[in-house]
Amino acid sequence: MTSGRRTLVWFRGKDLRLSDHAPLTDALQDGELIPLFVLDPYFFAPARARELPHRMQFLLESLEALRSNIAHLGSELLLAAGKSVDVVPRLAERFRVTRVVAQRWSEPFGRERDRRITAALRVPFELFGGETLAAPETVRNGSGQPFSVFTPFARALRRDLPEVRVLPAPKRLPPLPPDVRFESAPMPTLSSLGIEANPKLQGGGERAARQRLKEFVAAAAEHYDARRDRMDLPGTSRLSADLKFGTLCVRTVWSAVSALQAEAPAAITTYTNELLWREFTHATLWDRPHLLERPFREDFEGFPWGFDEEGWHAWITGKTGYPVVDAAARQLMAEGFVHNRARMIAASFLTKHQLIHYRHGEAHYLKYLTDGDWAQNNAGWQWSAGCGTDAQPYFRVFNPTLQGEKFDPNGDYVRRWVPELAALPAKLIHRPHEAPAKALASAGVELGKTYPTPIVEHALARDRFLKVADSYLKAQPARPR
Ligand SMILES: Cc1cc2nc3c(=O)[nH]c(=O)nc-3n(C[C@H](O)[C@H](O)[C@H](O)COP(=O)(O)OP(=O)(O)OC[C@H]3O[C@@H](n4cnc5c(N)ncnc54)[C@H](O)[C@@H]3O)c2cc1C
């Protein structure tokens, strides 16, 4: 060692990039560095990896890209297999590092892991920002308490956010110290994990992410407010998996998009507000780690959600008889992505029309979404079910037909994902069950054969949900929120 300083830079799945990577930038100014990724069986045991096939595909591509970018700059990403709580302290000792650095990780199990590693290490373990714009525990209301409602949270965050500074990618990295000899574990492949590659997923890696950001800023960002709810148009950024796996830092996205603020103020404010929703979900989970198990609204605890095998099967396979709900289900399985509006409609349908517990839907989305994220997904499901923060009020029940007509007015979203309805005209495509026999026949649709009749009738399902919810909630003692 030259300066006597040596840092283990631990990349860990939410920071798979070289640019705007605070731990790496800090380590570069502090002597030698050793980049490490741990193949923890928590994610990489084949049985576990198969529970997250789309995320795993994106992650492996991003990890391979990171390894190659690090090699290109002159260093080497070491891959170590084993539990992080064992591997990191062991390697820190073996490589005689003076500290370990990583990006913060706000979910409860990540925090517990970090606590255990801090206790096991004999050198400092320093955690840096970058997962979110603001450290979750710093956004507080006037009484120093966490916010429960988005709007004041967003206002406070905007007000207090220091200037967002993007850290440039290093031009070169120092080679591994000569005494560090380590045989990396082999890079897992999808086939070694027993996962079939899905060619329709977004590609992972930092370069693909930067390209997506560039294209969004160049074309769609200025129309974001007008187009974001349209399921048939490419009006959103499609950066959610990049933000999830850290192939882009949220600071980079915020800063690139904010550069258009003067040109398109309404669009950019709407977009940055969505990034603040992301902050809100992470901050909320930070302060209330029990939300992965329990509803935010305590009066919903014990709510009589049910489960019925047939209804569940119809929902996950896209055969409910409601075209938008079915399109969402099929887009998820095909692309590992669902448009936000379609997520809201589908989640509302499962929980309110079908009375199926939101946790089933949450787990299904977490399994197949490439952007599947504990905080954001849980918040999305609880919001849709009416039991979350700043909830969609439980008594507001989306009408899937009207939602479809409003946000997919030409029916192209449905045409893409439910091709058996493609020949129906726009005014009927969201309501095939009400279409005249002649129109159905000329579009080649046979209800009950080529496309199902609705599994529940909207008005009946709505009334049933409201009755169940009203009588359950009225019987609950008033509880603090
Ligand atoms: C039931 C349900 C489940 C969801 N599960 C997830 C999930 O697992 N992972 C996930 O990233 N998002 C989730 N969302 C939020 C949202 O649907 C996606 O972030 C968005 O569709 C991603 O597309 P985009 O990148 O084009 O978004 P854009 O519209 O371009 O938004 C930019 C970014 O802001 C963030 N964002 C946008 N909307 C929300 C929101 N409502 N809550 C929190 N952050 C938001 C995302 O990081 C997104 O990439 C869920 C929403 C619902 C209703």
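Residues numbered from 1 in each chain as written. Predicted model: local features only at pLDDT ≥ 70, side-chain atom pairs only at ≥ 80, totals over all residues. Heavy atoms only, no water.

A. Looking closely at the overall build of the protein chain. Looking only at helices and strands, the protein chain has 22 helices and five strands in total. Radius of gyration (C-alpha) of the protein chain: 24 Å, near the 23 Å computed for a compact globule of 481 residues. Counting the 481 residues in the protein chain, one finds 55% classified as buried. Of the contacts made within the protein chain by residues no fewer than 6 positions apart, 80% connect residues no fewer than 24 positions apart. Averaged over its 64 positive side-chain charges, the protein chain has a centre that lies 1 Å from the centre of its 56 negative ones. (Helix = DSSP H or I, 4+ residues; strand = E, 2+ residues; numbered from the N terminus. Rg over C-alpha atoms; globule rule 2.2 N^0.38 Å. Buried < 20%, exposed > 50% of the residue type's maximum accessible area, 1.4 Å probe, protein only. Contact = heavy atoms within 4.5 Å. Lys, Arg positive; Asp, Glu negative; His and termini not counted. Charge placed at Lys NZ, Arg CZ, Asp CG, Glu CD.)

B. The arrangement of the packing of helix 13 (residues 309–317) against helix 14 (residues 323–335) in detail. Contact pair helix 13 / helix 14: the axes reach a minimum separation of 6 Å and the direction vectors enclose 70°. Considering the angle they form, helix 13 stands roughly perpendicular to helix 14. The residues of helix 14 that touch helix 13, namely those facing Trp-315, Ile-316 and Thr-317, are Val-325, Ala-329, Arg-330 and Met-333. Its residues assigned to classes, the contact of helix 13 with helix 14 comprises five nonpolar, one polar and one charged. (Axes fitted to C-alpha atoms, helices over the stretch in contact; angles between N-to-C directions. Parallel < 35°, antiparallel > 145°, perpendicular 65-115°, else oblique. Nonpolar A, V, L, I, M, F, W, Y, C, P; charged D, E, K, R; others polar.)

C. Region of interest: helix 17 (residues 374–385). Helix length check: helix 17, at 12 residues, gives a terminal C-alpha distance of 16 Å against a target of 16 Å (1.5 Å per residue), a fit within 8%. What helix 17 keeps buried is the set Trp-374, Ala-375, Asn-377, Asn-378, Trp-381, Gln-382, Ser-384 and Ala-385. A distance of 3.0 Å separates the backbone nitrogen of Ala-375 from a side-chain oxygen at the start of helix 17, and that oxygen is part of Asp-373. Gly-386 lies just past helix 17 and shows a positive phi near 90°. (Expected span 1.5 Å × (residues − 1). Polar contact = N/O pair within 3.5 Å; in protein donor to acceptor, adjacent residues only side chain to side chain.)

D. Quick look at the pattern of salt bridges. The full count for this structure, using the stated rule, is 35 salt bridges. Residues Arg-6 and Glu-32 are paired through a salt bridge, measuring 2.9 Å at the closest nitrogen-oxygen approach. In this pair, Arg-6 sits in strand 1 (residues 6–11) while Glu-32 sits in strand 2 (residues 32–39), placing the two residues 26 residues apart along the sequence. Take Arg-6 and Glu-32: they sit in the same class, and that class is buried. Across the pair Asp-232 and Arg-230 runs a salt bridge, and its minimum N-O distance is 2.8 Å. Given the relative accessible area of 22%, Arg-230 is considered partly exposed. Look at the salt bridges and you will find they share partners, linking Arg-5, Asp-26, Asp-30, Arg-99 and Glu-126 into a network. (Salt bridge = Lys/Arg side-chain N within 4 Å of Asp/Glu carboxyl O.)

E. Expanded view of the site of the ligand. Tyr-224, Thr-236, Ser-237, Arg-238 and Asn-340 are the nearest of the 28 residues found near the ligand. Thr-236 places a polar side-chain atom, nitrogen or oxygen, 2.6 Å from an oxygen atom of the ligand. Ser-237 is positioned with one of its side-chain polar atoms (N or O) 2.6 Å from an oxygen atom of the ligand. Contact with the protein chains covers 95% of the free accessible surface of the ligand, which is 820 Å². For the shell around the ligand, the elements supplying multiple residues, two or more each, are helix 10 (240–245), helix 12 (265–287), helix 15 (340–353) and helix 17. (Near = heavy atom within 4 Å. Areas by Shrake-Rupley, 256 points an atom, 1.4 Å probe, with all protein chains shown as cover.)

F. Highlighting the sheet that holds strand 1. Taken together, the five strands give an open sheet; going across it, the order is 3-2-1-4-5, and neighbouring strands pair in parallel fashion. Where the open sheet ends on each side, the last strands, each with one partner, are strand 3 (78–81) and strand 5 (125–128). On average, each strand axis in the sheet is inclined to that of its neighbour by 30°, with strand direction left out of account. Pairing of strand 2 with strand 3, which is carried by four bridges, proceeds in the parallel orientation. Bridging from a neighbouring strand, Val-38 pairs with Ala-80 of strand 3. Running over the sheet, helix 4 (residues 53–72) touches strand 1, strand 2 and strand 3 and is turned about 160° from strand 2. (Pairing = 2+ DSSP bridges.)

G. Quick peek at unusual backbone geometry. Even without being glycine, Asp-20 reaches a positive phi, approximately 50°. Within the secondary structure, Asp-20 sits in the loop between strand 1 and helix 1 (22–28). One non-glycine residue, Arg-238, adopts positive backbone phi at about 55°. The residue Arg-238 is located in the loop between helix 9 (224–227) and helix 10 in this model.

H. Structural view of the nonpolar core. Core analysis: the biggest nonpolar cluster contains 55 residues, and Trp-315 and Phe-465 have the highest contact counts within it. Counting residues per element, this core draws most heavily on helix 15, which supplies seven residues. Among all residues touching Phe-465, those that are not within four sequence positions of it are Phe-303, Trp-305, Thr-351, Lys-352, Leu-355, Tyr-394 and Val-397. Residues Ala-27, Leu-52, Leu-190 and Leu-285 belong to the second largest nonpolar core, which totals 42 residues. (Core = buried A, V, L, I, M, F, W, Y, C linked by side-chain atoms within 4.5 Å.)

I. Inspection of the packing of helix 8 (residues 206–220) against helix 11 (residues 250–258) at higher detail. Put simply, helix 8 and helix 11 touch, their axes get as near as 10 Å, and they point 25° apart. One element, helix 8, and the other, helix 11, form an angle in the roughly parallel class. Here helix 8 and helix 11 pass one another in a crossing that is right-handed. Between helix 8, through Arg-210, Leu-213, Phe-216 and Val-217, and helix 11, the contact on the second element is made entirely by Thr-252, Val-253, Ala-256 and Val-257. (Left-handed = near helix turned anticlockwise from the far one by under 90°.)

J. Spotlight on the environment of Glu-206. Along the chain, Glu-206 falls in helix 8. Separated by 249 residues in sequence, Glu-206 and Ile-455 have C-alpha atoms that sit 43 Å apart. Contacts of Glu-206, omitting those with residues within four sequence positions, involve Leu-16, Arg-17, Leu-18, Ser-19, Ala-65, Asn-69 and Thr-247. A polar atom in the side chain of Glu-206 sits 2.7 Å from the backbone nitrogen of Leu-18.

K. Examining the packing of aromatic side chains more closely. Per the stated rule, a full pass over the model turns up 32 aromatic pairs. Ring geometry for Trp-312 against Trp-315: centres 5.6 Å apart, planes inclined by 25°, an arrangement best described as stacked. Of this pair, Trp-312 and Trp-315 both sit in helix 13, three residues apart, roughly one helical turn. Each member of the pair, Trp-312 as well as Trp-315, carries the same accessibility label: buried. The rings of Phe-300, Phe-303, Trp-305, Tyr-358, Tyr-394, Phe-395, Phe-465 and Tyr-472 are connected pair by pair, giving a single aromatic cluster. Positioned above the aromatic ring of Tyr-42 is the side chain of Arg-48, whose terminal nitrogen or guanidinium carbon lies 5.2 Å from the ring centre. Positioned above the aromatic ring of Phe-407 is the side chain of Arg-341, whose terminal nitrogen or guanidinium carbon lies 4.2 Å from the ring centre. (Phe/Tyr/Trp six-rings, centres within 6.5 Å; stacked < 30°, edge-to-face > 60°. Lys NZ or Arg CZ within 6 Å of the ring centre and 35° of its normal.)

Honestly, it's all geometry; don't read function into it.
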